[in-house]
Amino acid sequence: MNGFDALYAKAKDRIQALSELPSFKEESIEQMLEGRGIERRDFIKWAAGITAMLALPSQFTPLFAEAAKMADRIPLVWLHMAECTGCSESFIRSDAPTVDSLIFDYISLEYHETLMAASGWQAEENLNQALKKYAGRYILLVEGGVPTAMNGQYLTMGPQGRTGLSVVTEAAKDAAAIFSIGTCAAFGGIQAAAPNPTGAKGVDKVVSQSVINVPGCPPSASNIVGTLMHFLLFGTLPALDRYHRPKWAYGNRIHDLCERRGHFDAGEFVESFGDDGAKDGWCLYKQGCKGPYTFNNCSTERFNQHVNWPIGAGHGCMGCSEPDFWDTMGPLEKPIDSHLVMGLNSTVDKIGTTLLTATLVGIGAHAVASIFMNKHDEKGGVSHG
Ligand code: SF4
Ligand code: SF4
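Residues numbered from 1 in each chain as written. Chains lettered and ligands numbered in written order. Predicted model: local features only at pLDDT ≥ 70, side-chain atom pairs only at ≥ 80, totals over all residues. Heavy atoms only, no water.

**Q** Would you mind going over the nonpolar core in detail, with residue names and values included?
**A** Formed by 51 residues in total, the largest nonpolar core has its most connected members in Trp46, Phe64, Phe179, Met229 and Leu233. The element that contributes the greatest number of residues to this core is helix H10 (residues 221-234), accounting for eight residues. Of all hydrophobic cores here, the second largest spans 28 residues; its members include Leu127, Ala130, Leu131 and Met157. (Core = buried A, V, L, I, M, F, W, Y, C linked by side-chain atoms within 4.5 Å. Buried < 20%, exposed > 50% of the residue type's maximum accessible area, 1.4 Å probe, protein only. Helix = DSSP H or I, 4+ residues; strand = E, 2+ residues; numbered from the N terminus.)

**Q** Before we move on, could you go through the pattern of salt bridges and cite the residues and values that matter?
**A** Side chains that carry opposite charge are capable of pairing whenever their charged atoms lie near each other. One pass over the full model with this rule turns up 14 salt bridges. The partner of Asp72 in a salt bridge is Arg73, with the nearest N and O atoms 3.7 Å apart. Across the pair, exposure class does not vary: Asp72 and Arg73 are buried alike. When salt bridges that share partners are traced, they join Glu30, Arg40, Glu66 and Lys69 into one network. (Salt bridge = Lys/Arg side-chain N within 4 Å of Asp/Glu carboxyl O.)

**Q** Let's hear about the pairing of strand S7 (residues 177-181): which residues, and what values?
**A** For S7, the buried fraction is high: five of the five residues fall into the buried class. Going residue by residue along S7, you find Ala177, Phe179 and Ile181 tucked away on one face and Ile178 and Ser180 tucked away on the opposite face as well. Here strand S3 (residues 139-143) pairs with S7 via five bridges, running parallel. Pairing of Val142 across the sheet is with Ser180, part of S7. When S7 meets strand S9 (residues 212-214), the two strands line up parallel, connected through three bridges. Following the sheet pairing, Ser180 is matched in S9 by Asn213. (Pairing = 2+ DSSP bridges.)

**Q** Can you lay out the pairing of strand S1 (residues 75-80) for me, pointing to particular residues and giving the numbers?
**A** Burial runs high along S1: six of the six residues are buried. What you see with S1 is no split at all: Pro75, Val77 and Leu79 on one side and Leu76, Trp78 and His80 on the other are buried throughout. Sheet topology places S1 next to strand S2 (residues 108-112); four bridges connect them, and they run parallel. For Trp78, the partnering residue across the bridge sits in S2 and is His112. Sheet topology places S1 next to S3; five bridges connect them, and they run parallel.

**Q** Describe the environment of Glu124, naming the residues involved and giving the relevant values.
**A** If you trace the backbone, Glu124 turns up in helix H7 (residues 120-133). For Glu124, a relative accessible area of 10% puts it in the buried group. As for Glu124 and Gln160, which are separated by 36 residues in sequence, their C-alpha atoms are 8.9 Å apart. Glu124 has contacts with Gly158, Pro159 and Gln160, leaving out every residue within four places of it along the chain. (Contact = heavy atoms within 4.5 Å.)

**Q** Just give me the short version of the sheet that holds S3, but keep the residues and values in it.
**A** Spatial strand order, S2-S1-S3-S7-S9: five strands in an open sheet with parallel pairing. The open sheet has two edge strands with one neighbour each: S2 and S9. Geometrically, the sheet is characterised by an average inter-axis angle of 20 degrees between neighbouring strands, direction not taken into account. This element, H10, spans S1, S3, S7 and S9 of the sheet and lies at about 175 degrees to S7. (Axes fitted to C-alpha atoms, helices over the stretch in contact; angles between N-to-C directions.)

See the structure below:
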C-alpha cells in the first residue's frame, strides 16, 4: 500500500464516520447549490480544484465532493478577537456566490458574532450551549489577535464583560481542531505591531492545543475552505511549516511563481507607479514588493473567484502572511532597508544600469534573499526552513 492508498482508505473511513453523524440541514448541498444557480458539474469542478490545490491525485476528487456533502455535520464556532472583521468580510462578500462561499453557508455555523441574529445575553447563551453540546466535535475558528496585557482587559466582550483571552482559552479546551484565520489570529497582526501596548498575540501563544495558522490580510477564501475541507475529509491536521501554516498553501514563495518573475530576472523594474514599465507589467520589486520574502499561494489561487491578485493589479506584495510583517516589511512601497537585505537593493540598481544576464540576476537574488532569511532567522523573525 503506498502513501496515497493509505490516505485514500483513511478518507473513506472518515466519510463513513461522518455519514453516521446527524445532519443539521434539511436540504442536501446539491439542492442548495442548485437553488443558487450552481450546477453539479461546477460542484465537481470545484472538488477537482480543491484536490489539485491540496496536491492530491485526481482520485480524491469524488471524496472531496462526498465530504462537502457532509459539511453540515461538523459544528463550527467562529470567535472574533481584536481585528477588523476583514477576514469574514472578504469571505462572505463576494458579488456572486461561489462554491467556496456556499460551503460556508452549508456548514453548521453554531456561533459567529457578525453573522448571527442573536446579541447580548442570548448570544452568550448560544456560545455556551454550543461549547457544551458539541464538546470534542466542533471546529474553532478564531479571527483576530488576543490582547494579553492587564490580564486581557484590553478586549472585553458580551454582557458579562469577559475578556477575549478567557473566551478563547475556554473555547479551545474542547475543540476538535483550531484554525487561526488571518494574520491577526495567527501572529497578532497590526495589534501586535511595536510597541504592542495591549500585548496582542496569536492564538497559538495563548492556548495549549495545536493550532493551524491560515494567515493573510485577509487570507484567500481558497485557503480557508481548503483547510476546512482537509480537516473534513481526513480528520487530522495537514503538514505544517514552522509557523504552523499548511504547507500546501504556504509552501512556496510568492516570488517563485509570480507572473512578473521573468521581468525581475531580466532586470526590468517599474521605477514609479504609472510609468511605461508599470504599463508593461514589469517587476514591482523597486516599488516595495515583498514577494521574495513571503510564502503564500496568491500568485496561483488569486482572489475574487481567482480573477486577480495584488501584483496582477499593479501593486507589490506587502508580505501580509508573514509574522510581524507590519514591523519587518515596512515601508510598504519601498524595498526593505538595504542593511537588512544585505545588498539585494544595490544588486537591483546594478541590474537597471548594466543589464546583467537573467541567470546571474536570478542566482544573485536568491543568494541574497537566503542571507536575508538567515539573518532574520537569527533574530527569530521572518524565516523558513
Ligand atoms: S519582486 Fe514581486 S513583482 Fe517582482 S517578480 Fe518578485 S514577486 Fe513578482
Ligand atoms: S500578494 Fe502578498 S500582501 Fe497580497 S495577499 Fe498575497 S501575501 Fe498578502
